[in-house]
Amino acid sequence: MSGTTAARPPVPPFTEETAHAKVQAAEDAWNSRDPERVALAYTEDSVWRNRDRFLTGRAEIRAFLADKWQRELDYRLRKELWAYTGNRISVRFEYEWHDTAGQWWRSHGNEQWEFDPDGLMRRREASINDVPITAAERRLA
């Protein structure tokens, strides 16, 4: 096992069915906006690149997510499987949120994920762009 966390099925090597299941599980966790729940899907020493931020370890991930969801209000996310092979999955995503001034945003991006044998994510690379939108333009309400 990876550290003190139990395995997170599905585990690699991924099939189309298990890759879709992994992506859906990630979407569900992130939409909970619960930093602890999300952080438990990563290895203790997971390495992230999120935009221009570089994080290492579950504690940094948890703190990053707690801060994120204090700034990105009413966050709602959709992920789509793009490709998979062995222990890697690539997704495209978009999410919507508003800031404290009430401005709505749609954030588009791509992620590359790498998993350990227990199905915990040990590496995440995320490229994200933000586009201002009006409340009427929201698609993920």
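Quick look at the structure, then. (Residues numbered from 1 in each chain as written. Predicted model: local features only at pLDDT ≥ 70, side-chain atom pairs only at ≥ 80, totals over all residues. Heavy atoms only, no water.)

**Concerning the nonpolar core**
This is how the line gets drawn: By nonpolar core is meant a set of buried Ala, Val, Leu, Ile, Met, Phe, Trp, Tyr and Cys residues that side-chain atoms within 4.5 Å join together. Throughout, exposure labels follow a simple rule: accessible area from a 1.4 Å probe, protein chains only, divided by the maximum for the residue type, with under 20% read as buried, over 50% as exposed, and the rest as partly exposed. For helices the rule is a DSSP run of H or I covering at least 4 residues; for strands it is a run of E covering at least 2, with both sets numbered from the N terminus onward. Residue contacts follow a heavy-atom distance rule, with two residues in contact if any of their heavy atoms lie within 4.5 Å.
Ranked by internal contacts, the top residues of the largest apolar core, which has 28 residues, are W30, W48, L65, I89 and W113. Of all elements in the fold, only α1 (16–32), α2 (35–39), β1 (42–50), α3 (58–71), β3 (73–85), β4 (88–98), β5 (104–115) and β6 (121–133) reach the threshold of two or more residues within this core. Filtering out sequence-adjacent residues up to four positions away, I89 remains in contact with F14, A19, K22, V23, L81, A83, Y84, E111, Q112, W113 and F115.

**Some points on α1**
Quick reminder of the rule: How far a helix is expected to stretch is found by multiplying one less than its residue total by 1.5 Å.
Relative to the 24 Å expected for 17 residues at 1.5 Å per residue, α1 spans 25 Å between its end C-alpha atoms, a close match to the ideal helical length. Those residues of α1 that sit buried are A19, K22, V23, A26, E27, A29, W30 and N31. Following α1 by one or two positions, R33 has its phi on the positive side, about 55 degrees.

**Here we look at the packing of aromatic side chains**
Rule in force here: Aromatic contacts are taken between Phe, Tyr and Trp rings whose centres are within 6.5 Å, Trp giving its six-membered ring; a plane angle under 30 degrees counts as stacked, one over 60 as edge-to-face, and the others as tilted. Charge-over-ring placement is defined geometrically: NZ (Lys) or CZ (Arg) within 6 Å of the ring centre, and within 35 degrees of the ring normal.
Within this structure, the stated rule accounts for ten aromatic pairs. Seen in terms of ring centroids, Y42 and W48 are 5.2 Å apart; in terms of plane orientation they differ by 70 degrees. Their pairing is edge-to-face. Looking at Y42, the relative accessible area reads 3%, which means it is buried. Taken together through their ring pairs, the aromatic side chains of W30, Y42, W48, F64, W69, Y75, F93 and Y95 make up a single cluster. Over the aromatic face of W48 sits the side chain of R124, whose NZ or CZ is 4.2 Å from the ring centroid. One Lys or Arg, R138, reaches over the ring of W104 and ends 3.8 Å from the middle of that ring.

Shape descriptors only; they carry no functional weight alone.
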